[in-house]
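Analysis of the macromolecular model
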Amino acid sequence: MRKLTVLLLLTTCWSLAAAQEATQPQTTQKRKPRTEIFAADSTGELLAQLRNMPNIEIGKGITFRPKNDWFELTMRFRMQNLLALSFDDDFTLTKTEARVKRLRLRFDGYIYSPKLVYSVQLGFTSYDTEPLPDGSMNIVRDAIVYYVPNATWNIGFGQTKIKANRARINSSSALQFVDRSIVNSEFNLDRDFGFFGEYNMRQSEGFNLSAKGSVTLGEGRNWGSSPNGGLAYTGRLELYPLGRFKSKGDVIEGDYEYEEQPKILLAGAYSYNHKASRLKGQRGGLMPDDATRNLGSYFVDFILEYRGFAFYTDFMGRSCSEPLFDPESNAFVYKGQGLNLQASYLFNRKWEVALRNSTLFPDSEVQPFAGYKNWNQTTLGVTRYIIGHSLKVQADMSYNSRSQSLNPNYNRWEMRFQLELGL
């Protein structure tokens, strides 16, 4: 529409100039031919220039594509501004958090051929950089190149999210709550560097499936090198018994696209991290005394979406044959399971109400180090969508309950408010 408007304005100016010249009186002297405002083929050149102007669309970024089609670049940014208040059992304010939680810049596109796709994402806040155990800052989140021969297969090399559990695969810009659950925070694998591959069955309707796998360094993003010789092997299988979701609704929380027919995802994943040197595999601090452990992580996901209603179940856990170290180090591998349940309903694609219940179950041998027998968190969230997930306001309230907690003064209540803005 913008390009058409520019063309119409230029054409109108040319028509007015021509009309004014026609109304002037004729003279006996022969006029010299005047140079036309547009050459014979200038309209075509103008259209070509307009076609090559950047395309700007909220939620889809700014896209640049030259005439030769040798590359395409889409640039996007987003930010999340957060205010959070924590209260103890007597509802006394104990902590106030006010900051830019996420500020990210992303570049996607292809180079040389549409089959050679790249993705780069940078994070600029302290939450995004997640300093490495050696103190190095860490702004690079994604930097990967994919070879995509067709819509069925792709293989990538670089750094990106490990495709393990649904909650982590979902972008933090597409959540129903201010942030992910405590279960995901404990067990997710986050990002790593290595090889990634996907197979996606593309039936027009009915049963569908996807298989995703990776072989990575196992130490997390931007680690660089590992002297231990271990790698992480991850595989995930996704089943769509009633067909695919609209507009990738399986990686966007809530039924924002309003599925007219019920849609279901059932998925499972397993990851084996051989000789991991960090307490959570791809995340966490270093194990004491240069120790390593073999970690197994398992995930089961279920999604149901239908006419504005969405239901999610996430079950995940971590196994380790030797989760404890020297007691003086106070270090341990969180061995155990977690269960997350959440449901939501969307009203007129504007207001959404969601309820989530998350519980962590550490194994008995690590409970003294975790500080509780189990941790349950119930969260009520409300979202006002202004321009989908690209511009929205969110608020949620959580209540925490820890059985047999070693610290009786932990925060029970948490209230959060967040503004999400992205292009």
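Positions within a chain are numbered from 1, following the residues in the order the chain's sequence is written. Note on the predicted model: pLDDT of at least 70 is required for a residue's local features to be given, and 80 or more for side-chain atom pairs to be given and counted; whole-chain, interface and lining totals, by contrast, use all residues. Note that the side-chain values use all heavy atoms of the structure and ignore hydrogens as well as water.

Secondary structure is summarised from DSSP: a helix means a run of H or I of at least four residues, a strand means a run of E of at least two, and numbering begins at the N terminus for each. Scanning the protein chain from terminus to terminus reveals 6 helices and 18 strands. For the area figures, the Shrake-Rupley method with a 1.4 Å probe applies, and any residue is considered shielded solely by the protein chains shown. Counting only carbon and sulfur atoms, one obtains 61% of the accessible surface of the protein chain, whose full area is about 21,900 Å².

Here we come to the pattern of salt bridges. What counts as a salt bridge is simple: a side-chain nitrogen of Lys or Arg found within 4 Å of a carboxyl oxygen of Asp or Glu. As enumerated under the stated definition, the model contains 26 salt bridges in all. Of the charged contacts, one joins R166 and D314 as a salt bridge, the two residues approaching to 2.6 Å between their closest N and O atoms. Highlighted residues: R166 in helix α4 (residues 166-169) and D314 in strand β13 (residues 309-319), separated in sequence by 148 residues. Comparing R166 with D314, the two get one shared label, buried. A salt bridge links E257 to R349; its shortest N-O distance comes to 4.0 Å. Placement of the pair is E257 in the loop between β10 (232-240) and β11 (263-276) and R349 in the loop between β14 (336-347) and β15 (351-362), with a sequence separation of 92 residues. Given the relative accessible area of 29%, E257 is considered partly exposed. Throughout, exposure labels follow a simple rule: accessible area from a 1.4 Å probe, protein chains only, divided by the maximum for the residue type, with under 20% read as buried, over 50% as exposed, and the rest as partly exposed. On the basis of relative accessible area, R349 is assigned to the partly exposed category, the value being 40%. Through salt bridges that share partners, D142, R168, D190 and R191 make up one connected network.

Once that is clear, we can look at the nonpolar core. Take the buried Ala, Val, Leu, Ile, Met, Phe, Trp, Tyr and Cys residues and link them wherever side-chain atoms come within 4.5 Å; each set so joined is a nonpolar core. Ranked by size, the top nonpolar core spans 18 residues in total, and within it V183, F187, F299, Y334 and L360 carry the most contacts. Those elements that provide at least two residues to this core are β6 (140-147) and α5 (182-187). Examining the composition of this core, we find that 3 residues originate from one element, α5, more than from any other. If you look at the next biggest cluster of nonpolar residues, it comprises 9 residues, including L295, C320, F325 and A331.

Residue-level confidence of the predictor is what pLDDT reports, using numbers from 0 through 100. Here the protein chain shows a mean pLDDT of 87. Residues at 70 or above account for 86%. The criterion used for residue contact is that any of the two residues' heavy atoms lie within 4.5 Å. Within the model, pLDDT remains below 50 along residues 1-42, and this stretch shows 19 contacts once partners closer than five positions in the same chain are excluded.

By the alternation rule, side chains of β14 split into G336, G338, N340, Q342, S344 and L346, which are all buried, and Q337, L339, L341, A343, Y345 and F347, of which none is buried. Note that β13 and β14 share 10 bridges and pair antiparallel. Note on β14: the bridge partner recorded for D314 is N340. Strand pairing is assigned whenever DSSP detects at least two bridges linking the two strands. Relative to β15, β14 is paired through 12 bridges, and the arrangement is antiparallel. Looking at the pairing, L341 lines up with N357 of β15. In this antiparallel pair of consecutive strands, β14 and β15, the connection spans 3 residues, and N348 shows a positive phi of 55°.

Mapping Q176 onto the fold places it in the loop between α4 and α5. Given a relative accessible area of 1%, Q176 falls into the buried group. Polar contacts, as used here, are pairs of N or O atoms within 3.5 Å; protein pairs need one atom able to donate a hydrogen and one able to accept it. Residues neighboring in sequence count only if both atoms are side-chain atoms. At a separation of 2.4 Å, a polar atom in the side chain of Q176 contacts the side chain of S344. Q176 has contacts with E253, G254, Y312, Q342, S344, E352, A354, T383 and Q394, leaving out every residue within four places of it along the chain.

Okay, empty space enclosed by the protein next. Space inside and on the surface of the protein is sampled on a 1 Å grid over the protein atoms alone, with a cavity defined as a set of points where a 1.4 Å probe fits but cannot get out and a pocket as an open set with protein on both sides within 12 Å along at least 5 of 7 lines; lining residues have an atom within 4 Å of a point. Grid points are joined across faces, edges and corners, and a volume is the space filled by probe spheres set on the points. Applying the stated criterion across every chain yields a total of 4 cavities of 30 Å³ or more. The space that makes up the largest cavity amounts to roughly 70 Å³. Considering the residues around the largest cavity, the lining is formed by 13 residues, among which R180, S181, E253, Q342 and R356 are closest to the centre. For the lining of the largest cavity, the secondary structure elements donating two or more residues are α4 and β14. Throughout this entry, Asp, Glu, Lys and Arg are counted as charged residues, while Ala, Val, Leu, Ile, Met, Phe, Trp, Tyr, Cys and Pro are counted as nonpolar. The remaining residues, Gly among them, count as polar. Residue classes in the lining of the largest cavity are distributed as 3 nonpolar, 4 polar and 6 charged.

With that settled, consider unusual backbone geometry. Positive phi outside glycine occurs at F91, with the angle close to 60°. The phi dihedral of S247 is positive, around 45°, even though this residue is not glycine. Relative to the elements of secondary structure, S247 occurs in the loop between β10 and β11. Taking relative accessible area as the criterion, S247 reaches 51% and is therefore assigned exposed.

Attention now moves to the side chain of K101. Among the structural elements, K101 can be located in strand β4 (residues 93-111). Taking relative accessible area as the criterion, K101 reaches 6% and is therefore assigned buried. If we skip the residues at most four places from it in the chain, K101 touches Q80, L82, T125, Y127, D128, D179 and Q418.

Another point: the layout of surface pockets. One number sums up the size of the second largest pocket: a volume of about 180 Å³. Together, W223, S225, S226, P227, N228, S277, L286, M287, D290, A291 and T292 line the second largest pocket.

Attention now moves to the packing of aromatic side chains. Side-chain rings of Phe, Tyr and Trp, where Trp is taken by its six-membered ring, are said to pair if the distance between their centres is within 6.5 Å; with planes under 30 degrees apart they count as stacked, over 60 as edge-to-face, and otherwise as tilted. Scanning the entire structure with this criterion turns up 16 aromatic pairs. Their ring planes at 10° and their centres at 4.4 Å tell us that F87 and F91 sit as a pair that is stacked. Considering the side-chain rings of Y372 and W375, the 5.9 Å spacing of their centres and the 75° angle between planes classify their relative orientation as edge-to-face. In this structure Y372 comes out as buried when scored by relative accessible area, which is 6%. Taken together, the ring pairs in this structure connect F87, F91, Y399 and W413 into an aromatic cluster. Definition used: whenever NZ (Lys) or CZ (Arg) falls within 6 Å of the ring centre and also within 35 degrees of the ring normal, the charge is taken to sit over that ring. Across from the ring centre of Y240, 4.4 Å away, lies the NZ or CZ of R244, which sits over that ring.

Right, let's get into the environment of Y233. Tracing the backbone shows Y233 in strand β10. Note on Y233: relative accessible area 41%, which makes it partly exposed. In this structure, the C-alpha to C-alpha distance between Y233 and T216, residues 17 residues apart in sequence, is 6.7 Å. If we ignore the near neighbours within four places in the chain, the residues touching Y233 are S214, V215, Y270, S271 and Y272.

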